[in-house]
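# Fold and geometry: a report
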Amino acid sequence: MITLKTFNRKELEDFISSGTFQQYDFLPITRHRALSHIKNPKAADEDILLILAFDEEKLIGYVGCFPDSFMIDGKEIRYAWLSTLYVNPEYRKKRPAKALLKKVFEEYEGKIAITEFTKEAEALYNIMGVFEYVFPKEGKRYYFKTDAAKIIPEKKPETQPLKPIFQALDAAANLLISIKNFPIKKPNFKYEMLDRIDKESADFINEFSGVRNADEINTFIDHPWVLEGKKDERYLFSSFAGTFKYSWIKIFDQNNTLKACLLLQLRDGYLKIPYLFSNTDVDEVVRFLNYFIVNNKIKGFTSYQTQLNKAIQQSKVFSHIYERDFNREYLFHKDLLELLPKNFNPNYQDGDGDCMMT
């Protein structure tokens, strides 16, 4: 018989502090991700943040919850994102995933949202029959270097013995790309790079409507889900990377007035922009990005920022070698949708939900 154990903020803190979470065959959470959940400004003390499933004394699955909220006409609508869902394949016939999901629905009264899910998880969510696809985002992934030695063996494991050849081809191709990009210089306008959002930036972004404010974004910069280091193979979600860094960028006009701010997330050679705020065109943002990408040897960059992607398409200086269309789907529980106004659009930025953290 499956039994479930829930953890609110205080219980999760005790669970991590005691080291009990490390006693199982696989980890249900990492210490730093738990700390980020605990520090989440939108998590109430009573919110359930983690649920474990047991078969007798054996851990067989878990689900993570990441509280969030909308402010609509002065009314707060609280809900949670499913941040993780895992079950031991040996116990799937006992349907622990459904038990975990039903418990989540019970705890949050159906006010659940999901994004960035795997195909396998998506099939399960559809079987549950309570989710609807909403607010899709169209994006682009831009490539700046060849990475055949990584991509091809991942897609076709039988080519693993050919990896040295792919590495040699990558090295030759990327040398030519570096020579081509050599003339790209530092932008001639004023900009600043910070580790987190400062007061000037906070005042600037307060002019924009959004899901998160500066303090919330800084909380997750200070308490990331991914640290630099070696991954613990017992945890199957994002936890460690060779490189993981946030940078807050401020761009000024000729009068030394702040005109754009953006948060960069760099992970193992791949770049995202979780947040972008601009009250004018973003041509300088494109020029800065082009310099940053070349200077930091970025391999790829994914963006669902519509205004930015349009500017990139029109730019003659952006130095990508290839691009692909990408789509991000969101699943909302029907009970959550019933609370939202007709034709409501959250206008999510790339980092909203739990996307900023991985």
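Everything numeric in this text was worked out from a predicted model, so none of it was measured. (Residues numbered from 1 in each chain as written. Predicted model: local features only at pLDDT ≥ 70, side-chain atom pairs only at ≥ 80, totals over all residues. Heavy atoms only, no water.)

### Examining the overall build of the protein
Condition: By the criteria applied, helices consist of DSSP H or I runs no shorter than four residues and strands consist of E runs no shorter than two, each listed in order from the N terminus. Radius of gyration means the value over C-alpha atoms here, while the globule rule gives 2.2 Å times the residue count to the 0.38 power. To sort residues, take the accessible area from a 1.4 Å probe on protein chains only and compare it with the maximum for the residue type: under 20% means buried, over 50% means exposed, and anything in between is partly exposed. Residue contacts are counted whenever heavy atoms from the two residues lie within 4.5 Å of one another. With residues, only the protein chains shown are counted as cover, and all accessible areas are computed by Shrake-Rupley using a 1.4 Å probe.
A tally of helices and strands in the protein yields 11 helices and 14 strands. Radius of gyration (C-alpha) of the protein: 22 Å, near the 21 Å computed for a compact globule of 358 residues. Taking the principal axes of its C-alpha atoms as reference, the protein extends roughly 65 × 60 × 40 Å. Burial analysis of the protein (358 residues in total) assigns 53% to the buried set. A separation threshold of at least 6 residues defines the contact pool for the protein, and within that pool the share at least 24 residues apart is 70%. Of the accessible surface of the protein, which amounts to about 18,200 Å², a share of 50% is contributed by carbon and sulfur atoms.

### Here we look at the pairing of strand 3 (residues 58–72)
Keep this limit in mind: A strand pair is defined by DSSP finding two or more bridges across the two strands.
The element strand 3 is largely enclosed, with a buried count of 13 among its 15 residues. By the bridge criterion, six bridges tie strand 2 (residues 50–55) to strand 3 in an arrangement that is antiparallel. The residue of strand 3 that forms the bridge with I51 is V63. Inspection of the sheet shows strand 3 paired to strand 4 (residues 75–87) by 12 bridges, in the antiparallel sense. Bridging from a neighbouring strand, F66 pairs with W81 of strand 4. Counted between consecutive antiparallel strands, the loop separating strand 3 from strand 4 contains two residues, among which D73 sits at a positive phi close to 55°.

### Quick word on helix 1 (residues 9–17)
This is how it is decided: Note that the arc is defined by the directions from the helix axis to the C-beta atoms. As used in this structure description, the phrase polar contact means that two N or O atoms lie within 3.5 Å; if the pair is within protein, one of them must be able to donate a hydrogen and the other to accept it, and residues adjacent in sequence are counted only when both atoms belong to side chains.
For helix 1, the full list of buried residues reads R9, L12, F15 and I16. For helix 1, the arc enclosing every buried residue in end-on projection is 125°, short of the 170-degree limit, so these residues lie on one face. Opposite its buried face, helix 1 presents the exposed residues K10 and S17, each directed more than 90 degrees away. Tucked inside the fold, the buried residues of helix 1 contact strand 1 (2–7), helix 2 (31–39) and strand 2. Capping the start of helix 1 is the job of one residue whose side-chain oxygen sits 3.2 Å from the backbone nitrogen of K10: N8.

### Side note on the nonpolar core
Heads up, the rule is: Only buried residues count toward a nonpolar core, which is a set of Ala, Val, Leu, Ile, Met, Phe, Trp, Tyr and Cys residues joined through side-chain atoms within 4.5 Å.
If you look at the biggest cluster of nonpolar residues, it comprises 47 residues, and the most contacted ones within it are L12, L52, V104, I112 and Y125. Excluding anything up to four places from it in sequence, L12 contacts F7, I29, A34, H37, I38, L49 and L50. With 38 residues, the next largest nonpolar core counts F135, F204, F220 and W225 among its residues.

### Here we look at the environment of L162
Relative to the helices and strands, L162 is located in the loop between helix 5 (148–155) and helix 6 (163–181). Classification of L162 as partly exposed rests on a relative accessible area of 39%. Spatially, the C-alpha atoms of L162 and I152 are 9.5 Å apart, while their sequence positions differ by 10 residues.

### So, the side chain of D55
Topologically, D55 is positioned in strand 2. For D55, a relative accessible area of 12% gives the class buried. Apart from residues lying up to four places away in sequence, D55 is in contact with M1, I60, Y91 and K94.

### Concerning the packing of aromatic side chains
Rule in force here: Each pair of aromatic rings taken from Phe, Tyr and Trp, with Trp reduced to its six-membered ring, is defined by centres within 6.5 Å and is described as stacked if the planes are under 30 degrees apart, edge-to-face if over 60, and tilted in the remaining cases.
Enumeration over the complete set of coordinates arrives at 38 aromatic pairs. Both rings, one in F26 and one in Y62, keep their centres 6.1 Å apart while their planes meet at 40°; by these two values the pair is tilted. Pair noted here: F26 is in the loop between helix 1 and helix 2 and Y62 is in strand 3, with a separation of 36 residues, a long-range link. F26 gets classed as buried once you look at its relative accessible area, which sits at 8%.

### Some details on the pattern of salt bridges
Formally: Take a side-chain nitrogen of Lys or Arg and a carboxyl oxygen of Asp or Glu: if they are within 4 Å of each other, that pair is a salt bridge.
Tallied over the entire structure, the rule returns 24 salt bridges. One salt bridge connects D325 with K140, and the closest N-O pair in it is separated by 2.6 Å. Remark: K140 occurs in strand 6 (residues 131–143) and D325 occurs in strand 14 (residues 322–333); sequence separation between them is 185 residues. One connected set of salt bridges, linked through shared partners, spans E192, D198, E200 and K250.

Remember, this is a structural readout, not a statement about activity or role.
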